[in-house]
Structure formats: structure tokens, C-alpha cells
Amino acid sequence: MVKLLELKEQIKNFYAEHEGYMQPLFKFLVIFISQVIIKFHFQVDNIVSSWIIIVAASVIFAFMPWSLIVTGLLAAIIIDIFSLSMELAGLVLMLILVMLILFFRFTPNQGLFLIFVPLAFFIQIPYLIPIAAGLLFAPTAVVSVTFGTLLYYIIDTISTHKEAITNIASGDNTPTGSFTIVNMVTGNTEMYLIMASFVVTVLVVYFIRRMSINNAWMISIISGGLLNFVIILVGSLVLKIDYSTVGLIIGAVISVILAYILQFFVFSLDYTRTEHTQFEDDEYYYYVKAVPKINVTAPEMNVKRINAQRKKKNFSRGNRK
């Protein structure tokens, strides 16, 4: 345990020393991976999907705030959909504009969820998102998590029915087919089940980790993972959704493990040294529970040049002779 705490301090110190390089590098990787996923899901031939533009956009947006990064990636999605169907791109654009208006109204500082939620779905760890949101943010995070889930299902539905969309667009150019795709997204019971599960999980994790109990963060992680699993499992059975139980179990376990790693690096307390105190003022009597954080100083390396000392001694002996 001590070695892990020392490693944590070393990582924190390294990040603090190189923060000016680490943040743009992290943003570059997120933007690049997101664009690659969009490219391979839509598989359209336009200027946005070219590798030169992907790399150049990743470099440029790496130095931008998250709000501009989210806007740029959403614009790339709209352009790719436009290459498939102009009518569908217009409908999705209106839906995304509504999302952005509500998003920037309630959760302007949580734009990363609009990126990380679809990304988590694509790399098969979506159940980590509501737990992490409950651990790190306020209950308003349910807005950005819900919008991110909706964005994923829009991308997934359009990429799955890409050939049908292309055939409709090359036909009579009526918006009927585009509305059909939108209805497939809005009528997706699985999407609503996942949204409801994520919202409940975020709220439960948040309120448990805010409680004045020992190991509140760990209890909230386990509770969130189990609750998310139960809601999706029971919901899929009731709604008769074909959902992989094995995949759900594996995803829930991996999400709990990753959430615990996140908790270890963000919030570590030593409950063995908990202190209770009380005091009063003119109007209130206060009962305070104080739990110290676990802080371990990273060991410093002191290098001794033994060979240099030996050479110096030998050299002095030679001079005496």
C-alpha cells in the first residue's frame, strides 16, 4: 500500500511539473481517438475524414477549451452525416442545437462528458461514466451524461443503417427516410433504459459519497456498480431487450475496478485516524468529524559516486609515492 501511495505522489508531482505539456497531450489523444472512431463508424469520403485533417484538427484543438473541442467534434459529426443525407443532417443538427442550449445552460463546465460517454461506449466501458460523474461532480452531471448517451445512440443508429440512408438520399430525396432514422433513435427503449440507469446511478453515487460515514467513496462505488447492473438487467428482462448478461457483468466489474483506481488517485482518506470534535457559537452547536487525507512523501534518490571517490583516493596515494 505504501508503494502505491508513493507511486501516486510521484505521478502527481510529475503531472504538476509538466502540466503545460500533459494537458495538451491528453486533449490531443482524446480528440484524435474520437475522430478516428467517427471516421470508421460513418466511413464517408470527405475532407473531415482525411487523415491530414484529423491530425491537424487534433493538434489545433489540443490547445482549446473543452467547450470548443465539443463543438468541433459535433461539427465533424454533422458534416459526416451531411455526406450521407442532407435532410438527416439538418434534423440531427436541430437536435444537437437543442442539446447544446440545454447543456451550456445547466452544465457548461462538463463538456468532456459529451465526448467521454460515446467514447466509453465504443471502448466497452460505459458503466464507468455514471460512477465517475457521481464521484467527481454535482447532480447536474446527469444532464451531460444523458446528452452524451443520446449522442452515442445517434451515431450508432446512423452508422448501423448507413446503407439504407445512402439509398434514401440517392432516391427521391424525401425526408421520410430521415424521419424514420430519427424515430429509430427516439423510439429506442434500450437507450431510455441506459439513460434512466445512468441518472439513478449518478445521483446515488453522489449522495452516498457525500455522507459522513467511513469509506463513503468506496461504498458509493460498489453501490453504484451494483445498482447500475440491477437496473439494466431487470429493465432488459421487463422490456424484453436483447442484452448480453455476461457482457453486463464483465462491464460492471471492470467499471467498479476503474472507479476504485480513480478514487485512489483523487480521494484517499485514513479512517484509522478519524477525529471527532464539537464547538458552539451564539446560535448553533457543531459536531465535526475530521478524517485526515493519506499523504506519503515520495522518496528522494540520492546517488553516491563511489567510483569517483576511489579514483580520487588512488590518485592521492599515487602523488604521495
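The rules behind the values
Every chain is numbered on its own, with residues counted from 1 as its sequence reads. Per-residue local features of the predicted model are confined to residues with pLDDT of at least 70, and side-chain atom pairs are confined, for both listing and counting, to 80 or more; whole-chain, interface and lining totals are unaffected and use all residues. Only hydrogens and water are removed before side-chain values are computed, so all heavy atoms of the structure are retained for them. Runs of E in the DSSP output that reach at least two residues are strands. Runs of H or I that reach at least four are helices, and both are numbered from the N terminus. Accessible area is worked out with a 1.4 Å probe on protein chains only. A residue is then buried under 20% of its type maximum, exposed over 50%, and partly exposed in between. Residues count as neighbours in contact if any of their non-hydrogen atoms are within 4.5 Å of one another. Residue-level accessible areas treat just the shown protein chains as cover; the underlying method is Shrake-Rupley with a 1.4 Å probe. The convention used is that axes are lines fitted to C-alpha atoms, helices contributing only their stretch in contact, and that angles between N-to-C directions extend from 0 to 180 degrees. Oblique is the label for any angle not under 35 degrees, not over 145, and not in the 65 to 115 range, which are roughly parallel, roughly antiparallel and roughly perpendicular in turn. Left-handed describes a crossing whose near helix is turned anticlockwise from the far helix by less than a right angle; the clockwise case is right-handed. In this classification, the charged set is Asp, Glu, Lys and Arg, the nonpolar set is Ala, Val, Leu, Ile, Met, Phe, Trp, Tyr, Cys and Pro, and all remaining amino acids, among them Gly, are polar. As defined here, a cavity is a set of points on a 1 Å grid over the protein atoms alone where a 1.4 Å probe fits but cannot get out. A pocket is an open set with protein on both sides within 12 Å along at least five of seven lines, and residues line them when an atom is within 4 Å of a point. Grid points are joined across faces, edges and corners, and a volume is the space filled by probe spheres set on the points. Pairing of aromatic rings covers Phe, Tyr and the six-membered ring of Trp, with a centre-to-centre limit of 6.5 Å; geometry is then stacked below 30 degrees between planes, edge-to-face above 60, and tilted otherwise.

Asks: Any details on the overall build of the chain? Residues and values, ideally.
Replies: Broken down by element type, the chain carries 14 helices and two strands. By the burial criterion, 40% of the 321 residues in the chain qualify as buried. Taking the intrachain contacts of the chain between residues at least 6 apart in sequence as the baseline, contacts between residues at least 24 apart amount to 72%. Element-wise, carbon and sulfur atoms account for 65% of the exposed surface of the chain, whose accessible area totals about 19100 Å².

Asks: Lay out unusual backbone geometry with the relevant residues and their values.
Replies: Although it is not a glycine, Gln124 adopts a positive phi angle of roughly 70°. Counting through the fold element by element, Gln124 comes out in the loop between helix H6 (112–122) and helix H7 (128–136). One non-glycine residue, Asn215, lies in the positive phi region at around 55°. Of note, Asn215 is situated in the loop between helix H11 (189–209) and helix H12 (216–238).

Asks: Got a sec to walk through the packing of H7 against H12? Specific residues and values, please.
Replies: At a minimum axis separation of 10 Å, H7 and H12 run at an interaxial angle of 150°. On the basis of the axis angle, H7 is roughly antiparallel to H12. Between H7 and H12 lies a crossing of right-handed hand. Between H7, through Pro130, Ile131 and Leu135, and H12, the contact on the second element is made entirely by Trp217, Ser220, Ile221, Gly224, Gly225 and Asn228. Looking at the contact of H7 with H12, its residues break down into five nonpolar, four polar and no charged.

Asks: Quick rundown of the environment of Met99? Include the residues and the values.
Replies: Turning to its location among the elements, Met99 is positioned in helix H5 (residues 86–106). Apart from residues no more than four positions distant in its own chain, Met99 is found in contact with Phe147, Leu150 and Leu151.

Asks: I'd like a description of empty space enclosed by the protein, backed by residues and values.
Replies: Throughout the structure, instances matching the rule amount to two cavities of 30 Å³ or more. Considered as a void within the structure, the largest cavity measures approximately 160 Å³ in volume. Along the walls of the largest cavity sit 14 residues, with Ser34, Ile38, Ile77, Ile115 and Pro118 positioned nearest its centre. Looking at the lining of the largest cavity, the element that brings in the most residues is H6, giving five residues. Residues that form the lining of the largest cavity fall into these classes: 13 nonpolar, one polar and no charged.

Asks: Summarise the packing of aromatic side chains; cite the residues concerned and give the values.
Replies: In total, this model carries 10 aromatic pairs according to the counting rule given. With centroids separated by 6.0 Å and ring planes inclined at 35°, the aromatic side chains of Phe121 and Phe198 adopt a geometry described as tilted. Of this pair, Phe121 sits in helix H6 while Phe198 sits in helix H11, and the two are 77 residues apart along the sequence. Across this residue pair, the class does not change: Phe121 and Phe198 are buried. One aromatic cluster is present, built from ring pairs that chain together Phe121, Phe122, Tyr152, Tyr153 and Phe198.

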